[in-house]
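Here's the letter readout for the chains.
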Amino acid sequence: MARRPLPRILSTGSAQIARSRELARTAADSATDVLHPLITMTRGLRRLASAGRRKWVEAPKDRRGPLLFLVASVVLVVALVPYGPLLAVISLMAAAAWQGRDRGPSKPEGPDESQTQRLQSLYEALVPYFWAAEDPAPLYAHGGEWEKAFPAYDFDGTGRITHLQIRYPAYFADGDAEARARVEQLLHAKSGRGREYHFTWDEEGNQLTVTVLAPLPTDIAAQRFVTAPGETLLGFTDPTQVQRTLPLGFGDGQRDVPPVVWRTGIRSTEPHLLVMGQPGSGTSTLLRSIALQALQYGDVVIVEGSGTDEYACLTGRDGVLAVECGLAGALASLEWAATETERRLIETNRARQAGRSSPEDTKRPLWILLDRPSAFTHLAAADGRKDPQSLLQVPLRHGRAANVTVVVADQFDSAEALSDPVRQHTRARVVLGPATPDQLETVLGALPHTTPAAQVPPGRGYARLGTGPVHRLQVPATPDPYDEATSEADRQAVLALLPARTTPADGETVPAEAEPEAEPEAAPSEAVPVLSKAEPEVVAAEAP
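Each value, and the rule that gives it
- Residues numbered from 1 in each chain as written.
- Predicted model: local features only at pLDDT ≥ 70, side-chain atom pairs only at ≥ 80, totals over all residues.
- Heavy atoms only, no water.
- Patch = residues over 30% accessible without salt bridge, like charges linked within 9 Å, V, L, I, M, F, W, Y side chains within 5 Å.
- Areas by Shrake-Rupley, 256 points an atom, 1.4 Å probe, with all protein chains shown as cover.
- Salt bridge = Lys/Arg side-chain N within 4 Å of Asp/Glu carboxyl O.
- Helix = DSSP H or I, 4+ residues; strand = E, 2+ residues; numbered from the N terminus.
- 1 Å grid on protein atoms, 1.4 Å probe; cavity = no way out; pocket = protein on both sides within 12 Å on 5 of 7 lines; lining within 4 Å.
- Points joined across faces, edges and corners; volume = space filled by probe spheres on them.
- Nonpolar A, V, L, I, M, F, W, Y, C, P; charged D, E, K, R; others polar.
- Buried < 20%, exposed > 50% of the residue type's maximum accessible area, 1.4 Å probe, protein only.
- Contact = heavy atoms within 4.5 Å.

## Regarding a nonpolar patch on the surface
Okay, step 1: Side chains of W56, V57, L67, L68, L70, V71, V74 and V75 sit close together on the surface and give an oily, nonpolar patch of about 720 Å² of accessible area.
Okay, step 2: For the nonpolar patch, the elements supplying multiple residues, two or more each, are helix 3 (36–58) and helix 4 (61–80).
Okay, step 3: Take the nonpolar patch: its biggest share by element is six residues, from helix 4.
Okay, step 4: With respect to the helices, strands and loops of the structure, V57 is situated in helix 3.

## Side note on empty space enclosed by the protein
Okay, step 1: Summed over the entire model, instances satisfying the criterion amount to two cavities of 30 Å³ or more.
Okay, step 2: In this model, the second largest cavity occupies a volume close to 50 Å³.
Okay, step 3: If you trace the second largest cavity, you find it lined by A222, Q223, R224, F225, S289, L292, Q293, T478 and L497.
Okay, step 4: Split into classes, the residues belonging to the lining of the second largest cavity amount to four nonpolar, four polar and one charged.

## A word on the pattern of salt bridges
Okay, step 1: What the rule picks out here adds up to 16 salt bridges.
Okay, step 2: Among the salt bridges present, the one from R364 reaches D299, with a minimum N-O distance of 3.0 Å. Here R364 is found in the loop between helix 10 (360–363) and strand 12 (366–371), whereas its partner D299 is found in strand 10 (residues 299–304), with 65 residues between them in sequence.
Okay, step 3: Overall, D299 belongs to the buried group, its relative accessible area being 0%.

## A few points about helix 15 (residues 488–495)
Okay, step 1: Among all positions in helix 15, only R491, A493, V494 and L495 are buried.
Okay, step 2: Those residues of helix 15 that are buried are in contact with helix 8 (283–294).

What follows is the structure, encoded as structure tokens:
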């Protein structure tokens, strides 16, 4: 479908509208400055009139007559005195100006004593990092003035720094990651622990901007996110990091939250994802969230190495081809996935050579989700079987052309057990839970420009897509609905997203009404065999 051009008022008039708004704002400010004396006197006259009316109402009725006679006498005397009316008008205007003045407390210019002491101590702490003996006029020196080094600053109600702009000399090695990390660590310690800070280095202007980040929301439940086919929401981040927001429902209300969107498919530059974390950090929650989103448009194969039945709610659902927890089932499912990837490549190549479009059964996305595949590596070595990770080489290498996406989640203590194809072809990376700087740099390829959080909630971490920036990340709450510790609201939110259960574990077909709480929202799979735990070997042998 051809794109329709934007209306002229939207495509060419935005600059004129912005210019008109700026001119109107400037004219309003100028008019306010010119008319400020008149506004002040008018406000003072209104206050004097209100005070006179209040006095008249509060005066007893027997005294109102003498009071009225006294006022009339004063007016008569003023009228008979030379220049009396002029002096009366001048006195009235002076009283109105005095009453109409701004009585609010004037804000002190500059920081107070405690804030000045905090800035001075921070300046003294930065001297060893930004001082050089060869500098004839050092910007940083012991006992120097901090006003030249800190051109902008803001404090919160408790007196702690919320925003700070720092100037540093040009000879500082701001291109050295270790030198920058030392300065960031010092600023984190001196500005107040327990908060997350974002550091923006301007190498051209020799300036460092420190900003306190607001906590990421942890109350976002699983729901249908407004994304296009081929887009998967990993979580939510800061509004300054992305240029897009998603409308989310919170009970009866709604608000917009900036997301971290991972684009998959044929044109994706990061077709596969690797998730690393500590136990209990939320890696399984992220895989469940991805599976619920993938079932809207594709089919899913899940291989779980932990053996805790974290994905039992997806067993037999429409579009879920397999949920395997054993070594034999994992080998059969991954072998079928490799064969299916090769079949899709062959069918697509034949269609292109014949001048036709790709077959429909090759366009439907296929997702392979592996949770802790390193656990199968030890079992396969003990039983003398093939490592299941070796079967991922074909989907990882050719998955983008075949519309096959691989997501691998594992823990840091088993990172060495990951195979080389998994390390090389998973260009989208996510780290959840507490992690050391070395672990972050090893997985993400770069350190985040933020300090770690004091308390790391489940699903909290960092994400990096390819060579892009490192984003703070909070995964939406997608717990196991069959877990007793799951709240009723989160359980119902996940159950509402599950497709209909049309294929139970025994392979018999049951009507969709067998489970009323599930809502059939995902389209049924097309011409794709359904794998089950009962017959993994037979189905794998019959798959094309």
